[in-house]
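Residue-level structural notes
One letter stands for each residue in the lines below.
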Amino acid sequence: MAIFGLWVINKAGGLVYQRSFADGLAQLTSNEYLVLAGTLHGIHAITSRLSPIPGQSSGAQVIEGETFKISVLLTLTGTKFILLTSPAEPASSIDVLLQKIYTTYAEKVMQNPFHTPEMPIRSEAFDVSLGALIS
């Protein structure tokens, strides 16, 4: 599975976690990542209102380009997990991986008494668990 990166965006649209898994991925500045997170948050919010059936859409779940695919998992708390992969990756395996990442987040980050919700994630246990999931 070709996983390029993971971003976690809080319910206000702020980037709280960013990690690259591929060496060839272009490195952005911290400010560029923050702008990207805010833009994705805005796109997701707008697309959730485009459904012809009111209240039935949770927003864009996949944004696909020629060389990448962005998959979004929206949690009940409004936190978004964004996974950047190759376009060849099947949606089913991406969905399973996003659920595993969310479970890891719940176990390693949210159960940490020193973590404040909606703030940047600084957890070595989360980093190590992600590394094991992705590799």
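Please refer to the structure placed before this passage.
Residues numbered from 1 in each chain as written. Predicted model: local features only at pLDDT ≥ 70, side-chain atom pairs only at ≥ 80, totals over all residues. Heavy atoms only, no water.

1. Observations concerning the nonpolar core
Counting 18 residues, the largest nonpolar core has Y17, F81, L83, I101, I121 and F126 as the members making the most contacts within it. For this core, the elements supplying multiple residues, two or more each, are β1 (3-9), β2 (15-20), β5 (80-85), α2 (91-110) and α3 (124-134). With 6 residues, the single largest contributor to this core is α2. Residue contacts for I121: discarding those within four places in its chain leaves V8, V16, Y17, Y105, V109, H115 and F126. Listed in part, the 10 residues of the second largest apolar core include Y33, L40, I70 and V72. (Core = buried A, V, L, I, M, F, W, Y, C linked by side-chain atoms within 4.5 Å. Buried < 20%, exposed > 50% of the residue type's maximum accessible area, 1.4 Å probe, protein only. Helix = DSSP H or I, 4+ residues; strand = E, 2+ residues; numbered from the N terminus. Contact = heavy atoms within 4.5 Å.)

2. Re the packing of aromatic side chains
Counting across every chain of the model gives 6 aromatic pairs. Seen from their ring centres, Y105 and F126 are 6.3 Å apart, and the 70° between their planes marks the pair as edge-to-face. With a gap of 21 residues between them, Y105 in helix α2 and F126 in helix α3 connect regions that are remote in the sequence. (Phe/Tyr/Trp six-rings, centres within 6.5 Å; stacked < 30°, edge-to-face > 60°.)

Function-wise, these values are silent; they only describe arrangement.
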